[in-house]
Amino acid sequence: MFRRRRLGLGMVALAAAGIVALPTAATAATAAPAWGTASGPGPLVAGPGPAWSWGYNGLGQLGNGTTANSAVPVRVSGLTGLTQVVGIAAGRYAGYAVRRDGTAWSWGYNAYGQLGNGTTANSSVPVRVSGLTRIVALAGGSVNGYALRGDGSVWSWGYNNYGQLGNGTTTSSRVPVRVVGLTRVIAIASGGATAYALREDGTVWAWGDNDEGQLGNGTTASSPLPVRIIGLSGVRAIAGGQEAGYALRRDGTIWAWGANDEGQLGNGTIVSSTVPVAVRNLTGVTAIAASSEGASGYALRGDGTAWAWGLNNTGQLGNGTDDTSLVPVQVNGTTGLVGVTAISAGSFSGYALRQDGTVWAWGSNFFGQLGRGLTTPPYSLLPVRVSGIARAEAVAGGGFSGYTLVNTWDR
């Protein structure tokens, strides 16, 4: 039921009706509890503060106690216990956050248990993910959540029709279960019904749906257990996209695999690949992101410029056009997007964090997911600043919603 289907402009209303993406949490360096070990990463540490959200909210995914859309940022409610947030992530219609005490929290759509609190009731305010402590990173899939603990183990919850929980079964779970056979993991990511893990030895592993080769192991057979992606070593970061996976190697190059019908592999073709291929014309890359609904990839270079490739039907490449590109193009900086320090992707929208703590967005704005009010036309081909956000330390894109974390230590 939840295999990827591209939502064009004419199908946005179906998504809004609840007919059912990254992202990953952000990191920074400062003093925090020593949850990491020799076989696992340390905790997420940013200035603890509130999370803010904007865009589509029909399932409570803005976390502010309502189901009303908001075209400008609103604060995610802390009344249920979500305070001192140090990391954020987003699924298709759910938000996720890590507190400084290492607990995980979620809100929004929950029909398949993707909030991880033992129920299938949606929640418009944050609820605690059951039984998880010492969490250092979170990721959201279409109807799944994933968590990385400080001991290097990975945990998952939600729908499991393709084995995307990674525990060797296809039985869904409303509470976290451990992904089998993975140790010493330092990063996680998800795209649709497929999940990815990066181990400290630089290898990448994947599990779940594989109909387009997004497991990267040379086959199109889904797997309920992690399998190693062929030919990748020396990897420093990962991302999950629309039936495609991405890896950033330590040499600053990007590799991609899986579906390529819109050029989302960035190699100049529309030929899908069951093994990694090099994204063309990009070097010196420091971070990557991908849209799990929108077939676009994103990269941040060391010079603070953002780049994008793939589908561009609502301007999600941010280069001033709506032309799809099979190779990376620079996100236009003439409107103010310079000095970028982090990048993320939502459904048909891109997001970036500048060094000065402002957040910028481009692409689709049908539900206000650009965070600056509803616009005519309902998209932007160029980056625009998200209203009212300063001192941001992380940004994440979900299904037609955006999220950010604001530092309040110095206030």
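One structure accompanies this document, and this report is about it. (Residues numbered from 1 in each chain as written. Predicted model: local features only at pLDDT ≥ 70, side-chain atom pairs only at ≥ 80, totals over all residues. Heavy atoms only, no water.)

**Here we look at the overall build of the protein chain**
Alright, step 1. Along the protein chain, the regular secondary structure elements total one helix and 28 strands.
Alright, step 2. Per-residue burial for the protein chain yields a buried fraction of 62% across its 411 residues.
Alright, step 3. In the structure as shown, the protein chain presents an accessible area of about 13,200 Å², 53% of it carried by carbon and sulfur atoms. (Helix = DSSP H or I, 4+ residues; strand = E, 2+ residues; numbered from the N terminus. Buried < 20%, exposed > 50% of the residue type's maximum accessible area, 1.4 Å probe, protein only. Areas by Shrake-Rupley, 256 points an atom, 1.4 Å probe, with all protein chains shown as cover.)

**Overview of the sheet that holds strand β25 (residues 359–364)**
Alright, step 1. With antiparallel pairing, four strands are arranged side by side in an open sheet as β23-β24-β25-β26. Two strands close off the open sheet at either side, each with one partner strand: β23 (340–345) and β26 (379–385). Geometrically, the sheet is characterised by an average inter-axis angle of 15° between neighbouring strands, direction not taken into account.
Alright, step 2. For β23 and strand β24 (residues 349–354), the ladder comprises five bridges, and the chain directions are antiparallel. What sits directly across from A342, in β24, is L353. (Pairing = 2+ DSSP bridges. Axes fitted to C-alpha atoms, helices over the stretch in contact; angles between N-to-C directions.)

**Quick look at the packing of aromatic side chains**
Alright, step 1. On inspection of all chains with the given rule, the structure shows 13 aromatic pairs.
Alright, step 2. Between Y96 and W157 the ring centres are 6.3 Å apart and the planes differ by 65°, which places this aromatic pair in the edge-to-face class. Here the residue Y96 occupies a position in strand β4 (residues 94–99), and W157 occupies one in strand β9 (residues 154–158), the gap between them amounting to 61 residues. With respect to class, Y96 is no different from W157; both count as buried. (Phe/Tyr/Trp six-rings, centres within 6.5 Å; stacked < 30°, edge-to-face > 60°.)

**Notes on unusual backbone geometry**
Alright, step 1. Residue P377 is bonded to the preceding T376 through a cis peptide linkage, with omega at 0°.
Alright, step 2. The backbone phi angle of R134 is positive, close to 55°, even though this residue is not glycine.
Alright, step 3. Structurally, the position occupied by R134 is in the loop between β6 (123–128) and β7 (135–140).
Alright, step 4. Using a relative accessible area of 29% as the deciding quantity, one classes R134 as partly exposed.
Alright, step 5. In the Ramachandran plot, E243 falls in the positive-phi region, its phi being about 50° despite a non-glycine side chain.
Alright, step 6. Position of E243 relative to the elements: it lies in the loop between β15 (235–240) and β16 (244–249).
Alright, step 7. A relative accessible area of 6% places E243 in the buried class.

**Regarding the sheet that holds strand β14 (residues 223–228)**
Alright, step 1. Ordered by their spatial adjacency, four strands build an open sheet running β11-β12-β13-β14, and the pairing between neighbours is antiparallel. The open sheet has two free edges, formed respectively by β11 (185–191) and β14, since each of these has just one partner strand. The mean inter-strand angle of the sheet, taken between neighbouring strand axes irrespective of direction, is 20°.
Alright, step 2. With five bridges joining them, strand β12 (residues 194–199) and strand β13 (residues 204–208) adopt antiparallel strand pairing. In the strand pairing of β13, A195 is matched with W207.

**Quick look at the pattern of salt bridges**
Alright, step 1. Taken as a whole, this structure holds eight salt bridges when the rule is applied.
Alright, step 2. We note a salt bridge from D201 to R199, for which the minimum N-O separation is 3.5 Å.
Alright, step 3. Measuring nitrogen to oxygen at the nearest pair gives 3.9 Å for the salt bridge that ties D251 to R249.
Alright, step 4. Judged by its relative accessible area of 48%, D251 is partly exposed.
Alright, step 5. R249 gets classed as partly exposed once you look at its relative accessible area, which sits at 25%. (Salt bridge = Lys/Arg side-chain N within 4 Å of Asp/Glu carboxyl O.)

**Some points on the pairing of β25**
Alright, step 1. Most of β25 is tucked away: six of the six residues are buried.
Alright, step 2. When β24 meets β25, the two strands line up antiparallel, connected through five bridges. Across the sheet, A352 pairs through a bridge with W360, a residue of β25.
Alright, step 3. Counting the residues in the hairpin turn of β24 and β25 gives four residues, including G357, whose phi is positive at 85°.
Alright, step 4. Relative to β26, β25 is paired through four bridges, and the arrangement is antiparallel.

**Structural notes on the side chain of S190**
Alright, step 1. Its location among the elements puts S190 in strand β11.
Alright, step 2. One polar contact links the side chain of S190 to the main-chain carbonyl oxygen of T194, over a distance of 3.1 Å.
Alright, step 3. Residues contacting S190, with those up to four places away along its chain left out, are A139, G140, G141, Y146, A195 and G240. (Polar contact = N/O pair within 3.5 Å; in protein donor to acceptor, adjacent residues only side chain to side chain. Contact = heavy atoms within 4.5 Å.)

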